[in-house]
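Architecture at a glance
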Amino acid sequence: LQFLYLIDHHTRAPPAAVVMSVCAGRPFPIGRGPWKTLDPFLFCVFHDDRFPKSAAGALGPDRAALRGRDLGMDFSYEGGWSMYHGEAVPGFPQHPHRGFETVTAVMEGLVDHFDSMGATGRYGHGDVQWMTAGDGVQHSEMFPLVRDDAPNPLELFQIWLNLPAAKKTAPPYFEMLWAPQVPRVRRGDAEVVVVAGGAALGVAPGAPPPNSWAADPGNDVAIWIVNGAKAGGSVTLPPAREGGAVNRTLYFFRGSAAAVALNGPRRRRPHSLIPKFPL
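Before going into details, it helps to say that this report is about the structure given with it. In this text, all values refer to a predicted model and were calculated from it rather than measured experimentally. Each chain carries its own residue numbering, running from 1 in the written order of its sequence. The model is predicted, so local features are restricted to residues of pLDDT at least 70 and side-chain atom pairs to those at 80 or more, both for listing and for counting; the totals for chains, interfaces and linings are taken over all residues. Based on all heavy atoms of the structure, the side-chain values leave hydrogens and waters out of the count.

1. Regarding the environment of Pro40
Structurally, the position occupied by Pro40 is in the loop between strand S3 (26-27) and strand S4 (41-51). Linking Pro40 and Phe100, residues 60 residues apart in sequence, is a C-alpha distance of 9.6 Å. Where helices and strands are cited, they refer to DSSP runs of H or I of at least four residues and of E of at least two residues respectively, numbered from the N terminus.

This is the structure:
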């Protein structure tokens, strides 16, 4: 089983737990579009694309694989992948962000980044990019298909985190948390990938950008990816400092479980623990 856990001590949530794919105390299905979030998280999307091998000498699929797709606006997931806004290489060409942050955690595959600050680079396979858009930045996020002899799978989360009002116009900034800087800890029968908020787990991930909501330890921001290890196993995560006064969202995105609980009674709804789209 795998799930993504977001936590923030910003706005009081209902004392009843926020439990797997639950927002504001209510279960909801997760699909291929953006998932519901709680303040100060603005947006969360999961990309699980089974990209084919690339065309010879190119970073995109063979042109034959693009026939019938609405290039520039392809969210079809035909064949297990989409081109998104890309036309030759899948991804998101230049577009603006302002007043919030993007946290991009790539578990598999690669992302090519270009931005108006002059930064360029390629990251993936466990790396995390944390970008403060602040006063405004243009950037591009493309998904290069680097292998022409085998498929090019991509799996990533992108999370948008609001900025405090006083820092909405902070200078743009980005931080790379390379895979060796992203702690992985064992909890019970699971591995927890700690993108942010490691104190409760006894680890220290790389520091977020200086103007981030997560830069203030008092906000108790955490982003964890939990990977289950075996059938019949269990994992218990440490409690939030303020318990039910903390906004929490648990996205159960792959696998199945007999019961899930988050600071509350165990919920035994196996059918609701199965993602609503194929993975």
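2. Some details on the nonpolar core
Generally speaking, nonpolar side chains in soluble globular proteins are found buried as a group. Trp35, Val103, Val128, Trp130, Phe157 and Ile223 are the most contacted members of the largest nonpolar core, which totals 24 residues. Counting 14 residues, the second-largest nonpolar core is a separate cluster that includes Phe92, Val106, Val111 and Phe143. Buried Ala, Val, Leu, Ile, Met, Phe, Trp, Tyr and Cys residues that are joined via side-chain atoms within 4.5 Å together make up what is termed a nonpolar core. Classification of residues uses two cut-offs on accessible area relative to the type maximum, computed with a 1.4 Å probe and protein chains only: under 20% is buried, over 50% is exposed, and between them is partly exposed.

3. Structural notes on unusual backbone geometry
Of note in the backbone geometry, Tyr84 takes a positive phi value of approximately 60° without being a glycine. Secondary-structure assignment places Tyr84 in the loop between S4 and strand S5 (91-97). Taking the relative accessible area as the measure of exposure, Tyr84 reaches 7% and is therefore buried. For His125, which is not glycine, the phi torsion reads 50° and is therefore positive. You can see His125 is positioned in the loop between strand S8 (120-124) and strand S9 (128-132).

4. Considerations on the environment of Ala207
By the secondary structure assignment, Ala207 is in the loop between strand S14 (190-196) and strand S15 (222-228). The class for Ala207 is exposed, based on a relative accessible area of 53%. Residue contacts are counted whenever heavy atoms from the two residues lie within 4.5 Å of one another. When neighbours within four sequence positions are excluded, Ala207 is seen to be in contact with Glu175 and Leu177.

5. A short note on the side chain of Ser82
Its place among the elements puts Ser82 in the loop between S4 and S5. Two N or O atoms count as a polar contact when they lie within 3.5 Å, although within protein this holds only if one can serve as hydrogen donor and the other as acceptor, and sequence-adjacent residues are included solely when both atoms are side-chain atoms. In terms of polar contacts, Ser82 uses its side chain to reach the backbone amide nitrogen of Ser76, at 3.4 Å. When sequence neighbours within four positions are dropped, the list of residues in contact with Ser82 reads Asp49, Phe51, Arg69, Asp74, Phe75, Ser76, Tyr77 and Pro90.

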